[in-house]
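The residues making up each chain are set out below.
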Amino acid sequence: QKEVEQNSGPLSVPEGAIASLNCTYSDRGSQSFFWYRQYSGKSPELIMFIYSNGDKEDGRFTAQLNKASQYVSLLIRDSQPSDSATYLCAVTDNYGQNFVFGPGTRLSVLP
Amino acid sequence: DVKVTQSSRYLVKRTGEKVFLECVQDMDHENMFWYRQDPGLGLRLIYFSYDVKMKEKGDIPEGYSVSREKKERFSLILESASTNQTSMYLCASSPTDRGTDTQYFGPGTRLTVL
């Protein structure tokens, strides 16, 4: 059974701080890694994806991938109250068809 | 922009009723998925489809069936609704192109079975 694990939270950070969200996965053959944001009562929306080891930056968001450690993280710089949401980590296999989602981490940014 | 639509945002049904949830995507994606999402359990895959008339069971297919007669439409069917099927149902689609293989989600249908 392929698994993706995340700390459920809630993770609370003050406004302006860096929020660090972590995700581990069990399938070494995983190829693509995604971070989704989900506001309460809404559907998930894609924030970032990463395929290669290292860091990928997009605005205030940085995804970090370490395939050897089977670990992917999302850093949110200058956190804003509007970043308060549940963040889902998702992992796919080499064919990009079988998505496995983590349970999500609830982030709360305190003004 | 990719658009995935679902037939209803909110639905209330009675135990034993047959329920149809419909999903339509307008980006010619090959892959379509049905999930349910429950507090503390995350997204769980019910069924998915790689192509027209193709279907594969996900992690929790019991009590559900699906139909994909056209590429753009993927229907989830609850043959005889039960109270434990009260949940948020999310449809998603994705292309087969491995370079851009993210999933796009519809707005969700919150189903309550009384």
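Before any of the text, the structure's been laid out above.
The following refers to the structure shown. Just so it is clear, the model here is predicted, and its values are computed rather than measured. (Residues numbered from 1 in each chain as written. Chains lettered and ligands numbered in written order. Predicted model: local features only at pLDDT ≥ 70, side-chain atom pairs only at ≥ 80, totals over all residues. Heavy atoms only, no water.)

Quick word on the overall build of chain A
Next up, step 1: The helix and strand tally for chain A stands at zero helices and eleven strands.
Next up, step 2: Secondary structure elements in chain A, listed N-terminal to C-terminal, are β-β-β-β-β-β-β-β-β-β-β.
Next up, step 3: Taken over the C-alpha trace, chain A has a radius of gyration of 13 Å; the compact-globule value for 111 residues is 13 Å, and the two agree within 12%.
Next up, step 4: Along the first, second and third principal axes, the C-alpha atoms of chain A reach 40 × 30 × 20 Å.
Next up, step 5: When the 111 residues of chain A are sorted by exposure, 43% land in the buried category. (Helix = DSSP H or I, 4+ residues; strand = E, 2+ residues; numbered from the N terminus. Rg over C-alpha atoms; globule rule 2.2 N^0.38 Å. Buried < 20%, exposed > 50% of the residue type's maximum accessible area, 1.4 Å probe, protein only.)

Some details on the overall build of chain B
Next up, step 1: For chain B, the helix and strand inventory stands at zero helices and eleven strands.
Next up, step 2: Counting from the amino terminus, chain B carries its helices and strands in the arrangement β-β-β-β-β-β-β-β-β-β-β.
Next up, step 3: Since a compact globule built from 114 residues should have a radius of gyration of about 13 Å, the 13 Å found for chain B is in line with a globular shape.
Next up, step 4: Seen through its principal axes, chain B has C-alpha atoms that stretch 40 × 30 × 25 Å.
Next up, step 5: Counting all 114 residues of chain B, 47% fall into the buried class.
Next up, step 6: Counting contacts in chain B only where the partners sit at least 6 residues apart, residues at least 24 apart contribute 55% of the total.
Next up, step 7: On chain B, roughly 5,600 Å² of surface is accessible, and the fraction owed to carbon and sulfur atoms is 49%. (Contact = heavy atoms within 4.5 Å. Areas by Shrake-Rupley, 256 points an atom, 1.4 Å probe, with all protein chains shown as cover.)

Quick look at the state of the cysteines
Residue and element names in this part refer to chain B.
Next up, step 1: Per the counting criterion, the structure on display carries two disulfides over all chains.
Next up, step 2: Covalently, C23 is tied to C91 through a disulfide, its sulfur atoms 1.8 Å apart. On the sign convention where negative means left-handed, the S-S torsion of about -75° between C23 and C91 marks this disulfide as left-handed. Placement of the pair is C23 in strand β3 (residues 19-25) and C91 in strand β9 (residues 87-94), with a sequence separation of 68 residues. (Disulfide = S-S within 2.5 Å.)

Observations regarding the sheet that holds β3(B)
Residue and element names in this part refer to chain B.
Next up, step 1: Overall, antiparallel pairing links the four strands, which are arranged β1-β3-β8-β7 in an open sheet. If you trace the sheet from one side to the other, it starts and ends with β1 (4-6) and β7 (64-70), each paired once. Neighbour-to-neighbour, the strand axes of this sheet turn through a mean angle of 20°, independent of strand direction.
Next up, step 2: Here β7 pairs with strand β8 (residues 73-78) via five bridges, running antiparallel. The residue of β8 that forms the bridge with K70 is R73. (Pairing = 2+ DSSP bridges. Axes fitted to C-alpha atoms, helices over the stretch in contact; angles between N-to-C directions.)

Looking at the packing of aromatic side chains
Next up, step 1: As enumerated under the stated definition, the model contains 16 aromatic pairs over all chains in all.
Next up, step 2: When the ring of A:F34 is compared with that of A:Y36, the centres are 6.5 Å apart and the planes differ by 40°; the resulting orientation is tilted. Across this residue pair, the class does not change: A:F34 and A:Y36 are buried.
Next up, step 3: Joined through ring pairs, the aromatic side chains of A:F34, A:Y36, A:F49, A:Y51, A:F99, A:F101, B:F33, B:Y35, B:F48, B:Y50 and B:F105 make up one cluster.
Next up, step 4: The residue whose ring lies beneath A:K56 is A:F49, and the NZ or CZ to ring-centre distance is 3.7 Å.
Next up, step 5: Sitting over the face of the ring of A:F61, A:R60 holds its NZ or CZ atom 5.5 Å from the ring centroid. (Phe/Tyr/Trp six-rings, centres within 6.5 Å; stacked < 30°, edge-to-face > 60°. Lys NZ or Arg CZ within 6 Å of the ring centre and 35° of its normal.)

Observations regarding the nonpolar core
Next up, step 1: The biggest cluster of nonpolar side chains holds 23 residues, and the ones touching the most others in it are A:W35, A:V72, A:L74, A:I76 and A:Y87.
Next up, step 2: Once you skip the residues sitting within four places of it in the chain, A:I76 turns out to touch A:A17, A:I18, A:A19, A:L21, A:R60, A:F61, A:D83, A:Y87 and A:L107. (Core = buried A, V, L, I, M, F, W, Y, C linked by side-chain atoms within 4.5 Å.)

Observations regarding the side chain of B:Q103
Next up, step 1: Along the polypeptide, B:Q103 turns up in the loop between β9 and β10 (104-105).
Next up, step 2: Assessed through its relative accessible area of 1%, B:Q103 is described here as buried.
Next up, step 3: Among the polar contacts listed, one links the side chain of B:Q103 to the side chain of B:Y35, at a separation of 3.0 Å.
Next up, step 4: Those residues in contact with B:Q103 that lie beyond four places of it in its chain are A:Y36, A:F99, A:F101, B:F33, B:Y35, B:A92, B:S93 and B:S94. (Polar contact = N/O pair within 3.5 Å; in protein donor to acceptor, adjacent residues only side chain to side chain.)

Things to note about the pattern of salt bridges
All names here are of chain B.
Next up, step 1: A full pass over the atoms with the stated rule returns ten salt bridges over all chains.
Next up, step 2: Measuring nitrogen to oxygen at the nearest pair gives 3.6 Å for the salt bridge that ties K18 to E79. Pair noted here: K18 is in the loop between β2 (10-13) and β3 and E79 is in the loop between β8 and β9, with a separation of 61 residues, a long-range link.
Next up, step 3: Residue K18 is classed as partly exposed on the basis of its relative accessible area of 45%.
Next up, step 4: Looking at E79, the relative accessible area reads 41%, which means it is partly exposed.
Next up, step 5: Taken together, the salt bridges that share partners define one network made up of D28, E30 and K71. (Salt bridge = Lys/Arg side-chain N within 4 Å of Asp/Glu carboxyl O.)

Remember, this is a structural readout, not a statement about activity or role.
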